[in-house]
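Reading the structure
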Amino acid sequence: MPNLLESLEKRVEGDLLFDDFSRGRYATDASLYQMMPLGVLSPKSEDDIRAALDIASEQGVSVLARGGGTSQCGQTVNTGLVLDNTQYFNDILELDVENCRCVVRPGIVLDELNRVLKPHGLWFPVDVSTASRATIGGMAGNNSCGGKSLRYGMMRDNVLSIDALMADGSKHRFGPAGGDYAQDFTNLSEDLLRLGAREALEIDTRFPKVMRRVGGYNIDALVPMNTPNNLAHLLVGSEGTLAYSTAIELKLSPLIRDKVLGVCHFPTFYQAMDAAQHLVTLRPQGVELIDSTMIALGRDIPLFRQTISDFVTGTPEALLLVEFAEEDPARNLPKLKELEDMMGDLGFSWTGTGKSWGGVTPVAEPGLQNAIAEFRKSGLNIMMSMKAEGKPVSFVEDCAVELPDLAEYTAELTDVFDKHGTRGTWYAHASVGCLHVRPVLNLKLDQDVSKMRAIAEECFDLVAKYKGSHSGEHGDGLVRSEFHEKMFGARMVENFGEVKKRFDPEGLFNPGKIVDPPKMDDRTLFRYGPEYAVPGFDTGLDWSEWPGSAGGFQGAVEMCNNNGACRKLKGGVMCPSFRVTRKEQDLTRGRANTLRLAISGQLGPDALASDEMAETMEFCVSCKGCKRECPTGVDMARMKIEVLAARAAKNGISLHDRLVAWLPRYAPWASRLSFLANLRNSVPGLSKLLEKPTGFTASRKLPVWSSRPFRDSEVSLSDDPQAVLFADSFNRYFEPENLRAAVKVLDAARVPFVVARSPKGERPLCCGRTFLSAGLVEEARTEAQRLVNALMPYVEKGLPVIGLEPSCLLTLRDEIPGLLPGKDAERLAKKARMLEEYIADQEDNPDFDLPLQSPAHKVLLHGHCHQKALGVMSSIEKTLARLPDTEVGVIETSCCGMAGAFGYGVETHEISRRMAEADLAPAVRAADKDTLIVADGTSCRHQMADTTGRQPIHVARLLEMALTQPGGTDHV
């Protein structure tokens, strides 16, 4: 719609996105729906929003305010203009510590707000599981709850006032009624309060008495009461259908730092549900459910495997996580004792059998508590990690009933699922009778869509039977709005319509939600609509682990359920580019949505190889953070290879990509002519002259070619080796001192080993990673096959393959099995070990002796992204713990930002530096000058040297120093 775009361009400063690729990235949320918007605006100010509302109203275009886009009922999709508040409209306007209140813009993320509040001993306690990406505006629109609502209540209980723009352009503050307001707002206020008085009896009769009710409008906030009615509570839960919030005043709570957790184990699900009503009498701040399905799925996710092992005893059918956080910390442990006594009184003991087995696992250690909390908060996404076509679907997700009815309700609903040939997965808020349950369905099939409709009808009948709420946490949206008459009656639906008409007579704000909704099973609104199909095409890697077209690539892409875990701004690795740009396209979710739309033909022909797709992937640094941290297992680094391969096949590759991809092939010549190869760094003006043709930025020096590269002959052949060393191209030709250090370490440990060698007369071995970075899959496959052939004789003898460069050695575990599917690659993957992993593996080997002294008083370790993604960090820390009298710290950071050649690119070097400055560079600069900075990754070391002036070393060199130079700091 050119008129809309042109009008907006003249009046707003924020970012405008009206191309098909950008619109597609905002067409879905975490629900089953997809609605293509006309365009997207990321407003920079209230003036931008006001102008957008004016223009939209003039042109008859609807407006949708959007936060993290994680709604599970379709609240945050629509066909009008989307305003994304998260990129710019996200600051704190006021913080009043003394009075425990603050005022924020709607785009601020909950975790970011709490990070600011924590030093003041405060927090905002509506602790939703999506706290790392949920915005306060979205939480207010949804009336969010969280796991501690038993103590702190819901969003409406913690919102003091809301400043909002109305459909007519006026701005008002919604708060306690009776203030000094403009006449138009006074008229609105009086009309609303009259409605509340008129309908008080109907509201009392029809509104469920359960605490967890977020369906419809909160017109119960309008009924006469002893204190002034707070009109902000009507906007809370309105899903952006009444007004546009610009500032939200919140009630804050004192932060209780000490807590304990009792993990109650139950032999049957029914017994756990029946026990909840008794456990809450101990006044915990939360009781959360985890069922056996979630435990089993979690064990398949590397991020959670160890956590589950640490807190789950035996094979329970259900767990209830009971959390106590008393104001007096001394009361916490007695509360755990009360819990244990109650479980005993209910008939459960660790020595019991059958239905009497069970008990409490106490968890007092904060680290494990946090890990368990992360596991529980990821419940939805863990359930969605099923790789089959059928997935747990959200539509009866969060109904709520009174606790005495919980066991019977869940049993009856399970019978409904059984009747329709499916099953449900259960987790979440047992303390308030609001369990999350998702029957497994394949919504690409008409018969399963019909099942969904039938289950919804029967489920809501059950909820009505128990006088519960059909929406206990996740709102109405497109899924539940049509069922309001069933739940509230026709008169209440008319009341909702009256409220909507009074606020928004022309339907400007998010139409089709709460009032006048479409049918929940209208497939034209589905993400996988009636015409959805993915044609087959050849892929470079093996995707057979997933279902669907293109050898399973379709299924792998569709694993993204839009939960938005990749939007977190702190902790873990993913998604480093988004942390810098805050743009949806620079996000695992944004890229996955673009891929899904591309391969299904919704972005035009040949979209996979298009320039727009290349732009979508440009800032993906292939950190593999998503491989480990995405709860549904979306591996964007691997998917990017397919995009690069499609583009390479269509367009060829640039000189820049050739120089990167073919580096291992020309490296022997470059090292022999190292003086010439390094001239670019030393001759004034040469880097600038070469910048355009080579694509390497003149603002950085390139790695220096060594004139004395590592040669395989430096290590004698062994008749009876116990290990094999893989000399990667980067350490061989740029920093051979690292390989020589590794040789000394292995010699000192008296480990007989050999260097993996290519057949005589052939070039040195290579993992093929540089070819993959340019999409040259066949060349990478050739290198991978050479490497597998050379290493298999050792693997067949059971020898470990030791490497130094994470991006190369870990290719043996990750990409090579995808390039060369089969038993050989799988066996090699199991034997591939980083040097520190190999040393850590020898912990119980009495014949392994590595004598070490302290190389420095302090060591600061930065982990390579691939080490984090593939679970190597614990082994590094275990190995460094061998160093006596040495304090080892780990830098908590995302990707360093260098990422191979990414940090050297003309178009990407600035983003690279910004990634480093987010966490890594400041931490390195803050380290004492006597602290040794250690990093295995070649890229990481160069990034730190470039941005901080410090010279990090490889762990192999640290260990070498510990052999001979106690206390040495010469390498800092």
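Scoring rules and cut-offs
Residues numbered from 1 in each chain as written. Predicted model: local features only at pLDDT ≥ 70, side-chain atom pairs only at ≥ 80, totals over all residues. Heavy atoms only, no water. Helix = DSSP H or I, 4+ residues; strand = E, 2+ residues; numbered from the N terminus. Rg over C-alpha atoms; globule rule 2.2 N^0.38 Å. Buried < 20%, exposed > 50% of the residue type's maximum accessible area, 1.4 Å probe, protein only. Contact = heavy atoms within 4.5 Å. Salt bridge = Lys/Arg side-chain N within 4 Å of Asp/Glu carboxyl O. Axes fitted to C-alpha atoms, helices over the stretch in contact; angles between N-to-C directions. Parallel < 35°, antiparallel > 145°, perpendicular 65-115°, else oblique. Left-handed = near helix turned anticlockwise from the far one by under 90°. Nonpolar A, V, L, I, M, F, W, Y, C, P; charged D, E, K, R; others polar. Patch = residues over 30% accessible without salt bridge, like charges linked within 9 Å, V, L, I, M, F, W, Y side chains within 5 Å. Areas by Shrake-Rupley, 256 points an atom, 1.4 Å probe, with all protein chains shown as cover. Pairing = 2+ DSSP bridges. Phe/Tyr/Trp six-rings, centres within 6.5 Å; stacked < 30°, edge-to-face > 60°. Lys NZ or Arg CZ within 6 Å of the ring centre and 35° of its normal. Polar contact = N/O pair within 3.5 Å; in protein donor to acceptor, adjacent residues only side chain to side chain. Lys, Arg positive; Asp, Glu negative; His and termini not counted. Charge placed at Lys NZ, Arg CZ, Asp CG, Glu CD. Core = buried A, V, L, I, M, F, W, Y, C linked by side-chain atoms within 4.5 Å. Disulfide = S-S within 2.5 Å. pLDDT = per-residue confidence, 0-100. Expected span 1.5 Å × (residues − 1). Arc of directions from axis to C-beta.

1. So, the overall build of the protein
- Summing up its helical and strand segments, the protein has 45 helices and 25 strands in all.
- By the compact-globule yardstick of 30 Å for 972 residues, the protein fits well, its C-alpha radius of gyration being 30 Å.
- Here the C-alpha coordinates of the protein stretch approximately 90 × 75 × 60 Å along the principal axes.
- Here the protein holds 972 residues, and the buried ones make up 63% of them.
- Sequence-distant contacts in the protein: of pairs separated by 6 or more residues, those separated by 24 or more amount to 74%.

2. Quick look at the pattern of salt bridges
- Under the counting rule described, the total for this entry stands at 69 salt bridges.
- Residue Lys-337 is joined to Asp-341 by a salt bridge in which the shortest nitrogen-to-oxygen separation is 2.8 Å. Highlighted residues: Lys-337 and Asp-341, both in helix 13 (residues 332-345), separated by four residues, approximately one helical turn.
- Residue Lys-337 is classed as partly exposed on the basis of its relative accessible area of 46%.
- Beyond isolated ion pairs, a larger network of salt bridges with shared partners links Arg-453, Glu-457, Asp-461, Glu-482, Lys-486, Lys-519 and Asp-521.

3. Structural notes on the packing of helix 23 (residues 588-599) against helix 26 (residues 636-651)
- Contact geometry for helix 23 and helix 26: axes closest at 11 Å, N-to-C directions at 40°. With respect to each other, helix 23 and helix 26 are oriented oblique. As for how helix 23 packs across helix 26, the hand of that crossing is left-handed. Across the interface between the two elements, Thr-588, Arg-591, Ala-592 and Leu-595 of helix 23 pack against Met-636, Met-639 and Val-643 of helix 26.
- Of the residues belonging to the contact of helix 23 with helix 26, the class tally is five nonpolar, one polar and one charged.

4. Quick look at a nonpolar patch on the surface
- On the surface, a nonpolar cluster with roughly 190 Å² of combined accessible area is contributed by Leu-95, Val-97 and Val-116.
- Considering the arrangement of structural elements, one finds Val-116 in helix 4 (residues 110-117).

5. What about the pairing of strand 25 (residues 932-935)?
- A two-sided burial pattern is seen for strand 25, the buried positions comprising Leu-932 and Val-934 on one face and Ile-933 and Ala-935 on the other.
- Bridge count between strand 23 (residues 858-862) and strand 25: four bridges; the pairing is parallel. Within strand 25, the residue paired with His-862 across the bridge is Ala-935.

6. Description of the sheet that holds strand 6 (residues 101-104)
- Taken in spatial order, the five strands line up as 5-6-10-8-9 in an open sheet, and their pairing is antiparallel. Two strands in the sheet have a free side with no partner beyond their single neighbour: strand 5 (92-96) and strand 9 (171-174). On average, each strand axis in the sheet is tilted by 10° relative to the strand beside it, whichever way the strands run.
- Of the strand pairs in this sheet, strand 6 and strand 10 (residues 244-251) are connected by four bridges, and their pairing is antiparallel. Bridging across to strand 10, Val-104 finds its partner in Ile-248.
- Sitting on the sheet, helix 4 is in contact with strand 5, strand 6 and strand 10, with an inclination near 40° to strand 5.

7. Observations concerning the packing of aromatic side chains
- With the rule as written, the count across this model stands at 22 aromatic pairs.
- With centroids separated by 4.9 Å and ring planes inclined at 85°, the aromatic side chains of Phe-174 and Phe-185 adopt a geometry described as edge-to-face. One end of the pair, Phe-174, is in strand 9; the other, Phe-185, is in helix 7 (residues 183-198), and 11 residues separate them in sequence.
- Given a relative accessible area of 0%, Phe-174 falls into the buried group.
- Between Tyr-409 and Tyr-466 the ring centres are 6.3 Å apart and the planes differ by 85°, which places this aromatic pair in the edge-to-face class. Of this pair, Tyr-409 sits in helix 16 (residues 406-419) while Tyr-466 sits in the loop between helix 17 (446-465) and helix 18 (477-480); the two residues are 57 residues apart in sequence, bridging distant segments of the chain.
- The residue whose ring lies beneath Lys-444 is Tyr-528, and the NZ or CZ to ring-centre distance is 4.8 Å.

8. Thoughts on the side chain of Asn-90
- Counting through the fold element by element, Asn-90 comes out in the loop between strand 4 (81-84) and strand 5.
- At 2.8 Å, the side chain of Asn-90 forms a polar contact with the backbone oxygen of Thr-86.
- Once residues within four sequence positions are removed from consideration, Asn-90 is found in contact with Asn-85, Arg-105, Gly-107, Ile-108 and Arg-582.

9. With respect to the sheet that holds strand 21 (residues 801-803)
- Judged by pairing direction, the sheet is parallel, and its four strands sit side by side in the order 20-19-21-22 without closing on themselves. Each edge of the open sheet is held by one strand with a lone partner, namely strand 20 (753-755) and strand 22 (832-834). Across the sheet, the mean angle from the axis of one strand to that of its neighbour is 35°, orientation sign disregarded.
- Of the strands in this sheet, strand 19 (723-725), strand 20 and strand 21 are in contact with helix 33 (residues 736-748), which crosses strand 20 at around 165°.

10. Describing a negative patch on the surface
- Together, Asp-19, Glu-612, Glu-615, Glu-618 and Glu-907 line one region of the surface with negative charge.
- As for its position among the elements, Glu-615 is in helix 24 (residues 611-617).
- The exposure class of Glu-615 is partly exposed, given its relative accessible area of 44%.

11. A few points about the nonpolar core
- Counting residues in hydrophobic clusters, the biggest one holds 117 residues, and the most contacted among them are Leu-595, Met-636, Met-639, Leu-791, Leu-812 and Leu-835.
- With 10 residues, the single largest contributor to this core is helix 35 (residues 777-796).
- Discounting residues that sit within four places of it in the chain, Leu-791 has contacts with Val-724, Ala-756, Val-801, Leu-812 and Leu-828.
- Ranked by size, the runner-up nonpolar core spans 111 residues in total, among them Leu-32, Ala-134, Ile-162 and Leu-188.

12. Brief notes about the state of the cysteines
- If you walk through the whole model with that rule in mind, you get zero disulfides.
- Counting only cysteine sulfurs, Cys-399 is the nearest neighbor of Cys-459, a cysteine outside any disulfide, at a range of 3.8 Å.
- Relative accessible area serves as the criterion here: at 0%, Cys-459 is assigned to the buried category.
- As a non-bridged cysteine, Cys-623 has Cys-865 as the owner of its nearest cysteine sulfur, 5.0 Å distant.

13. Observations regarding the environment of Ile-301
- Tracing the chain through its elements places Ile-301 in the loop between helix 11 (292-299) and helix 12 (302-311).
- In this structure, the C-alpha to C-alpha distance between Ile-301 and Ala-276, residues 25 residues apart in sequence, is 28 Å.

14. A few points about the packing of helix 12 against helix 14 (residues 366-377)
- Relative orientation of the contacting elements helix 12 and helix 14 amounts to 115°, with a least axis distance of 10 Å. Crossing of helix 12 against helix 14: the hand is left-handed. Contacts between helix 12 and helix 14 involve Phe-304, Thr-307, Ile-308, Asp-310 and Phe-311 from the former and Leu-368, Ala-371, Ile-372, Glu-374 and Phe-375 from the latter.
- The residue makeup of the contact of helix 12 with helix 14, split by class, is seven nonpolar, one polar and two charged.

15. Topic: the environment of Gln-271
- One can find Gln-271 in helix 10 (residues 269-279).
- For Gln-271, a relative accessible area of 17% gives the class buried.
- Here the alpha-carbon distance between Gln-271 and Ser-356, two residues 85 residues apart in the chain, equals 10.0 Å.
- With near-sequence residues (within four places) excluded, Gln-271 lies in contact with Phe-266, Phe-348 and Lys-355.

16. Topic: the environment of Leu-679
- Relative to the assigned elements, Leu-679 resides in helix 30 (residues 679-682).
- A relative accessible area of 23% means that Leu-679 is categorised as partly exposed.
- The sequence separation of Leu-679 and Val-704 amounts to 25 residues, and the corresponding C-alpha distance is 9.6 Å.

17. Quick word on the side chain of Asn-510
- Within the secondary structure, Asn-510 is located in the loop between helix 20 (490-503) and helix 21 (553-557).
- On the basis of relative accessible area, Asn-510 is assigned to the buried category, the value being 1%.
- From its side chain, Asn-510 meets the backbone oxygen of Glu-239 in a polar contact 2.9 Å long.
- Excluding its chain neighbours within four sequence positions, the residues that come into contact with Asn-510 are Val-63, Leu-64, Gln-75, Val-77, Asn-78, Glu-239, Gly-240 and Thr-241.

18. Overview of the confidence of the model for the protein
- Residues with a pLDDT of 70 or more make up 98% of the protein, whose mean pLDDT is 93.
- The low-confidence segment residues 966-972, where pLDDT is below 50, has 22 contacts with residues more than four positions distant or belonging to other chains.

19. Comments concerning helix 20
- With 14 residues, helix 20 extends 20 Å between its outermost C-alpha atoms, agreeing within 8% with the 20 Å of an ideal straight helix rising 1.5 Å per residue.
- The complete set of buried residues in helix 20 reads Met-492, Asn-495, Phe-496, Val-499, Lys-500 and Phe-503. Looking straight down helix 20, one finds its buried side chains confined to an arc of 135°; they lie on one side. Across helix 20 from its buried face, at more than 90 degrees, point the exposed residues Glu-494 and Lys-501.
- Against strand 9, helix 7, helix 8 (200-206), helix 9 (232-235) and helix 19 (484-488) lie the buried residues of helix 20.

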